[in-house]
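Coordinate inspection notes
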Amino acid sequence: MTMPWNESTRSPRPTRPTYLPPHLRDQPNITLPRSPRSGHGRGRRGRGRGRGGRAPNPPPRSYPRSRKNFSEHDPNPYPNTKPQISSISEKFDLLKVIDNDPSDVNINAYDETPVETSGFDVPSPVTSFSEIDFSSALIENIKTCKFVKPTPIQRYAIPVAMAGRDLMACAQTGSGKTAAFCFPIISGILRRDHKKSPAGIVTEDGGLSLKMACPLALILSPTRELSCQIHEEAKKFSYKTGLKVGVAYGGAPIVQQFHSLEKGVDILVATPGRLVDMIERARVSLRNVKYLALDEADRMLDMGFEPQVRKLVQQMEMPPAGVRQTMLFSATFPVEIQKLASDFLSNYIFLAAGKVGSSTDLIAQKVDCVRDMDKKSHLLNLLRAQGANGSQGKNALTLVFVETKRGADALQHWLSVKGFPSTAIHGDKVQMERERALRSFRSGLTPILVATDVAARGLDIPHVAHVINFDLPRDIDDYVHRIGRTGRAGKSGLATAFFSDKNAPLAKALVELMQEAKQLVPSWLKQYAETSYTYGGGGARSNRFSGIKFGSHDYRRGANNENYDYSNQFADATVSESYAAPSSPFSCHNSHSNYPTSSRADSFHDGFYGHMFDRRSVVASGWD
Ligand SMILES: Nc1ncnc2c1ncn2[C@@H]1O[C@H](COP(=O)(O)OP(=O)(O)OP(=O)(O)O)[C@@H](O)[C@H]1O
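In this report, the structure presented in the accompanying data block is examined. (Residues numbered from 1 in each chain as written. Predicted model: local features only at pLDDT ≥ 70, side-chain atom pairs only at ≥ 80, totals over all residues. Heavy atoms only, no water.)

Some points on the packing of helix α2 (residues 152-162) against helix α3 (residues 177-191)
Rules: Note on geometry: axes are C-alpha line fits, over the in-contact stretch for helices, and angles between N-to-C directions span 0 to 180 degrees. Helical segments are the DSSP runs of H or I of at least four residues, strand segments are the runs of E of at least two, and each set is numbered from the N terminus. The scheme is simple: roughly parallel for angles under 35 degrees, roughly antiparallel for over 145, roughly perpendicular for 65 to 115, oblique for anything else. Crossings are classed by handedness, with left-handed meaning an anticlockwise turn of the near helix from the far one by less than a right angle and right-handed meaning a clockwise turn. Two residues form a contact once any of their heavy atoms are found within 4.5 Å. In the scheme used here, Gly and all other residues not listed as nonpolar or charged are polar, with Ala, Val, Leu, Ile, Met, Phe, Trp, Tyr, Cys and Pro taken as nonpolar and Asp, Glu, Lys and Arg as charged.
One way to put it is that α2 packs onto α3 with a least axis distance of 9 Å and a crossing angle of 30°. Considered as vectors, α2 and α3 are oriented roughly parallel to each other. Read as a crossing pair, α2 and α3 show a hand that is right-handed. Where α2 abuts α3, its residues Ile 153, Gln 154, Ala 157, Ile 158, Ala 161 and Met 162 lie against Lys 177, Ala 179, Ala 180, Phe 183, Pro 184, Ser 187 and Arg 191. Looking at the contact of α2 with α3 residue by residue, the classes come out as nine nonpolar, two polar and two charged.

Pasting the structure below:
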């Protein structure tokens, strides 16, 4: 790869390859700031950004004052091999869409999913897209995407959202929630004929005129990669509607994102930290927001993000609940988060396609009892067996989740040494590396991706056939999202968990979840569940099983609130025959009483990756 050399830099050090964010890579004539200050989006005022603590800043001086300051060369480290097009939305086929092969998709697999609704005057569901009053351009785009019929969450959520109602919607991973909020937003903006593509308000600062983007719709998501994915999806759905879709996320140069948003944006997809930063720099205003969607809403409202989201929604000019329309979506919705979420909603309808927080039974779940010290050899055996069985072909991808960032690097390195082409993604990697890892995985170049929870939610990567929880998460909801990277769009998938003694507190929830999904539960795991204490009492996310029974619904039902009309509508509630977990030659069926104990044993601590480290210092984050 050629490293661009910035001649204006005094230091002879070569700069990093200039970052070009994914959403700009297909655009012709993209020019980038020459100034070294802005090279990585860290102009003087760019540092320490994004956690909501900064006082509002005037626009930074390090921004290019005009496009003349931009260099003309194209330092895109990922040269675009596609034909150049004059406008991003001119050729649908050339949009970087999520390349799910429609022939792979089996939406009928969701036909039997029971759907529960509650709230006042719930609009009736539809059975086809043609029943909905979508604009012709949107209908064309749905056809082009080969979405033949709506999934259950789309059947119910779209009419609710089209009726202008606030919504809290829960549906299993991979069942089409993105379209369920994108379609009504696109349709709503077009139908209500809001002033389209506001080029923004021009502000003056010290003689510098700046444009402030004023989106009509805001979609928030917790990770950069998920924001990029939603952005691509929304662009695809908005093709030829005239709507402009923008994206803002951390880790990429903010100047380029400003430059892109300056052209006007109707729908803005963003991670919270970067958006707060942009608003504080007076480059985005939320005053025109009519539609707010929170994807992975329970994550957006848990302890990590809630202050930023609250700030965005309640302190940054966004019209209040009831004036704007708010839609919250996730596959998991702990009761405590549901309660918190109601602060952001007005007279909302609750929807659950499938049981709240359950995994889809399209995923065969297998739990292997593995001592920490044996995990690596067990993984190797699994991967070799997969190869021998032919399931590790070009298109079958394996996603391996570990707990820590350093653990991810170490395991990936070890796998490579053992001859398994792999890559890793976690929050300590720079954005370019994160994107490169995902691209390499997605393309099958490195069919194994070792990841922390940064890749646990939302990512829609076709052909992920196997998810391995090398380290199980502490929270069952995280487990649900992780395994949900397979078994998407009606396809089947396999999830294998390595369960060691230290995972005992998860046993009860895991057993309940597996039983719910009609999976075979090993007897040793049931014994763990009966005898182990469970996680609990910590934060909202650990209270899933407290108060309201697992698989329960709208928390308002438990609140003894007679003002709600809990009119349930169930589709045929027969859950389809389960996909029994195949028995594994590697499963350890021994009773846990025989299980060697080293309760806090940790394969990373033990130095199996060739070094010791303190896991407390390397929290698996990378969320934005
Ligand atoms: N009606 C449909 N017909 C065919 N394919 C669909 C339909 N709706 C969605 N899909 C496809 O299903 C896949 C999963 O959709 P999506 O990513 O929206 O799932 P999700 O419910 O948001 O998952 P997660 O909970 O993991 O975020 C995508 O590839 C999408 O293109």
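Focus on the nonpolar core
Rules: Think of a nonpolar core as a cluster: buried Ala, Val, Leu, Ile, Met, Phe, Trp, Tyr and Cys residues, connected wherever their side-chain atoms sit within 4.5 Å. Relative accessibility decides the category of a residue: with a 1.4 Å probe and only protein chains considered, values under 20% of the type maximum give buried, values over 50% give exposed, and everything between is partly exposed.
Among the nonpolar cores identified, the biggest contains 66 residues, and Phe 134, Leu 167, Phe 183, Ile 185, Ile 219, Ile 267 and Phe 329 are the most heavily contacted of them. Top contributing element to this core by residue count: α3, with nine residues. If we skip the residues at most four places from it in the chain, Ile 219 touches Phe 181, Cys 182, Ile 185, Ile 230, Ile 267, Leu 268, Val 269, Ala 270 and Ala 293. In this structure, Met 168, Phe 305, Val 313 and Tyr 555 belong to the second largest nonpolar core, which totals 43 residues.

Regarding the pattern of salt bridges
Here is the rule we go by: The term salt bridge refers to a pairing of a side-chain nitrogen on Lys or Arg with a carboxyl oxygen on Asp or Glu at a separation within 4 Å.
Enumeration over the complete set of coordinates arrives at 27 salt bridges. A salt bridge links Lys 339 to Glu 336, with the shortest nitrogen-to-oxygen separation between them at 3.6 Å. A residue pair is termed a helical-turn pair when its members lie 3 or 4 positions apart in one helix, as Lys 339 and Glu 336 do in helix α9 (residues 335-341) at three residues. By relative accessible area, which is 36% here, Lys 339 ends up partly exposed. Residue classification places Glu 336 among the partly exposed positions, given a relative accessible area of 30%. Between Lys 366 and Asp 368 there is a salt bridge whose closest N-O contact spans 3.4 Å.

Observations regarding the sheet that holds strand β8 (residues 245-248)
Inclusion rule: A strand pair is defined by DSSP finding two or more bridges across the two strands.
The mixed open sheet is built from eight strands, whose spatial order is β3-β12-β4-β11-β10-β7-β9-β8. The strands lining the two open edges of the sheet, one partner per strand, are β3 (115-118) and β8. Looking at each pair of strands side by side, their axes are set apart by 15° on average, direction ignored. Pairing geometry for strand β4 (residues 167-171) and strand β12 (residues 349-353), over five bridges, is parallel. Bridge pairing links Met 168 to Phe 350 in β12. Its contacts with the sheet place helix α4 (residues 224-238) against β7 (217-220), β8, β9 (267-270) and β10 (291-295), and it is angled at close to 175° to β8.

Topic: helix α8 (residues 306-314)
Burial analysis of α8 places seven of its nine residues in the buried class, the great majority of the element. Of all the residues in α8, the buried ones are Glu 306, Gln 308, Val 309, Arg 310, Lys 311, Leu 312 and Val 313. Elements in contact with the buried residues of α8: β7, α6 (272-280), β10, α7 (297-300) and α9.

Considering the environment of Asp 266
One can find Asp 266 in the loop between α5 (254-261) and β9. Its relative accessible area of 0% is what places Asp 266 among the buried residues. Expressed as a C-alpha distance, the spacing of Asp 266 and Ser 136, which sit 130 residues apart in the sequence, is 19 Å.

Some words on the packing of aromatic side chains
Short version of the rule: Only rings of Phe, Tyr and Trp enter the pairing, Trp through its six-membered ring, and a pair is recorded when the two centres are within 6.5 Å. The plane angle decides the type: under 30 degrees is stacked, over 60 is edge-to-face, the rest tilted.
Across all of its chains, the model carries ten aromatic pairs by this definition. Ring plane angle 80° and centroid distance 4.7 Å describe the contact between Phe 183 and Phe 237, whose orientation is recorded as edge-to-face. Taken as a pair, Phe 183 in helix α3 and Phe 237 in helix α4 lie far apart in primary sequence, 54 residues in all. According to the relative accessible area criterion, Phe 237 is buried, its value standing at 0%. For the ring pair Phe 470 and Phe 498, a centre distance of 5.7 Å and an interplane angle of 50° mean the geometry is tilted. Remark: Phe 498 occurs in strand β18 (residues 493-499) and Phe 470 occurs in the loop between β17 (464-469) and α13 (476-483); sequence separation between them is 28 residues. Judged by its relative accessible area of 0%, Phe 470 falls in the buried class.

Shape is all these values report; function is a separate question.
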